[in-house]
Amino acid sequence: MKRILCVLVSLLLVWLQLPCCYASSQDVTSESSLSWLMELYGFTMPQDVTTFAQTNFQPLTIETDGIVVSVQEILYDGVWLFTSATAQPSSDDVIIVPFEAEVNDPIAGGYGENLREDSRTFLEAAQEEQKNLLLVSVMPAEYEQADFYFLDHRQDAGSQSTLFSGAPVALQGDDLTIHIAVETTLISYSTGETLSEARHEYSVTIKSLSTYNEKEYLPATDDAPVEKLVLVQTDLATYVYPSWKESQAEALPEYVLTDAEGNPYPSGIPQDANSYSFDVLPDTVYVHFTEETGEEYTAMFTANP
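What counts, and at which threshold
Residues numbered from 1 in each chain as written. Predicted model: local features only at pLDDT ≥ 70, side-chain atom pairs only at ≥ 80, totals over all residues. Heavy atoms only, no water. Helix = DSSP H or I, 4+ residues; strand = E, 2+ residues; numbered from the N terminus. Buried < 20%, exposed > 50% of the residue type's maximum accessible area, 1.4 Å probe, protein only. Contact = heavy atoms within 4.5 Å. Pairing = 2+ DSSP bridges. Axes fitted to C-alpha atoms, helices over the stretch in contact; angles between N-to-C directions. 1 Å grid on protein atoms, 1.4 Å probe; cavity = no way out; pocket = protein on both sides within 12 Å on 5 of 7 lines; lining within 4 Å. Points joined across faces, edges and corners; volume = space filled by probe spheres on them. Nonpolar A, V, L, I, M, F, W, Y, C, P; charged D, E, K, R; others polar. pLDDT = per-residue confidence, 0-100. Phe/Tyr/Trp six-rings, centres within 6.5 Å; stacked < 30°, edge-to-face > 60°. Lys NZ or Arg CZ within 6 Å of the ring centre and 35° of its normal.

*Asks:* Describe the overall build of the protein chain, with residues and values.
*Replies:* What the protein chain contains, in helices and strands, is 4 helices and 16 strands. For the protein chain, the C-alpha atoms occupy an extent of roughly 70 × 45 × 35 Å along the three principal directions. Counting every position in the protein chain, which comprises 305 residues, the buried fraction comes to 49%. Considering only contacts within the protein chain whose residues lie at least 6 apart along the sequence, 62% involve residues at least 24 apart.

This is the structure we're talking about:
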């Protein structure tokens, strides 16, 4: 219901001719859609991880409720779960709108994909061609248990959209079963009325990336705001989990991991601000803290033998 209300508001904004803005240009050059998405934010996925994302599950193509969905990539590194899928209309009487998009967004895409020569918005195209709008989302149902998740999209050539999703989730086991949820909402191009809604789930067996190392670090002094740090290293990124002292519960400081000279370590995946890129987990890390008051200080942590 919340999403439908957003669409109706978007319809109203378009009819009032209110302006919108979008992201800068970026060409589509990668065969891996997830790699393309990560590169937008300056993160390069390792080639073996890209290959794993494309090959660790049985291909899944779904035709339902006016669309054909093909799941292209599924990647789980033990912490984050990502997917990419293509969606195309199965008939010529609808225009696909990715679920997180608005109808006044450009139908050619917001990342400067340069794959469609069309300056119209989704709604303008639908009204000119007298086609209804089909909102589509493709993501694992397991995201419902996550604290948060993201959806994104790329507008490909023709009528195809590539739909992205990601969330930090806890899955157990070697062979993991997830459930790809395909949701559609059909909206009238002329009135904004919801004509139909549908949701279907499809089971997929996947594997997790092989590397999953944990290392615990203890502060060198008692005045550090955390009792310990745990670094979790996967083939995709290294994630930081601080155990805060009770005295910090109401106002957690910002923090950055650095080397001994104060240089921040390279960032990890763009979706997780507390992730880094390490070849090997170090025996000593430094954490630069910034309190809400503006006070800054650095604490040293050493690996717990």
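*Asks:* With reference to specific residues and values, describe the sheet that holds strand β8 (residues 175-187).
*Replies:* An order of β4-β5-β8-β9 is seen for the 4 strands of this open sheet, with the pairing classed as mixed. A strand with exactly one partner marks an edge of an open sheet, and here the two such strands are β4 (94-98) and β9 (194-207). The sheet shows a mean angle of 25° between the axes of neighbouring strands, taken without regard to direction. In the packing of helix α4 (residues 122-129) onto the sheet, contacts are made with β4 and β5 (132-140), and the angle to β4 comes to roughly 170°.

*Asks:* Outline empty space enclosed by the protein, listing residues and values.
*Replies:* With the rule as written, the count across this model stands at 1 cavity of 30 Å³ or more. Along its surface, the largest cavity is lined by Phe99, Glu100, Val136, Ser137, Val138, Leu151, Asp152, Leu163 and Phe164. Among the secondary structure elements, those contributing two or more residues to the lining of the largest cavity are β5, β6 (150-155) and β7 (161-168). Among the residues making up the lining of the largest cavity, the classes are represented as 6 nonpolar, 1 polar and 2 charged.

*Asks:* With reference to specific residues and values, describe the confidence of the model for the protein chain.
*Replies:* In the predicted model, the protein chain carries a mean pLDDT of 89, and the fraction of residues at 70 or more is 90%. Counting interchain partners and residues more than four positions distant, the pLDDT-below-50 stretch residues 1-30 has 58 contacts.

*Asks:* Would you mind going over the pairing of strand β10 (residues 212-219) in detail, with residue names and values included?
*Replies:* Sheet topology note: the β10/strand β11 (residues 226-234) ladder contains 6 bridges and is antiparallel. When the bridges of β11 are listed, asparagine 213 appears paired with glutamine 233. Counting the residues that bridge the hairpin from β10 to β11 gives 6 residues. Note that β10 and strand β16 (residues 296-303) share 3 bridges and pair antiparallel. For leucine 218, the partnering residue across the bridge sits in β16 and is threonine 302.

*Asks:* Go over the pairing of strand β12 (residues 238-244) with me, naming the residues and quoting the values.
*Replies:* Where β11 lies against β12, 7 bridges are found, and the strand directions are antiparallel. Among the inter-strand pairings, valine 226 is bridged to a residue of β12, identified as tryptophan 244. Between the antiparallel neighbours β11 and β12 lie 3 residues. Where β12 and strand β14 (residues 275-276) come together, 2 bridges link them in antiparallel fashion. Paired with threonine 238 across the bridge in β14 is tyrosine 276.

*Asks:* Mind laying out the packing of aromatic side chains, listing which residues take part and the relevant values?
*Replies:* Counted by the stated rule, this structure contains 11 aromatic pairs. Among the aromatic residues, those joined into a cluster by ring pairs are Trp80, Phe82, Phe148 and Phe150. In this structure, arginine 154 packs its charged tip against the face of tryptophan 36, placed 4.9 Å from the ring centre.

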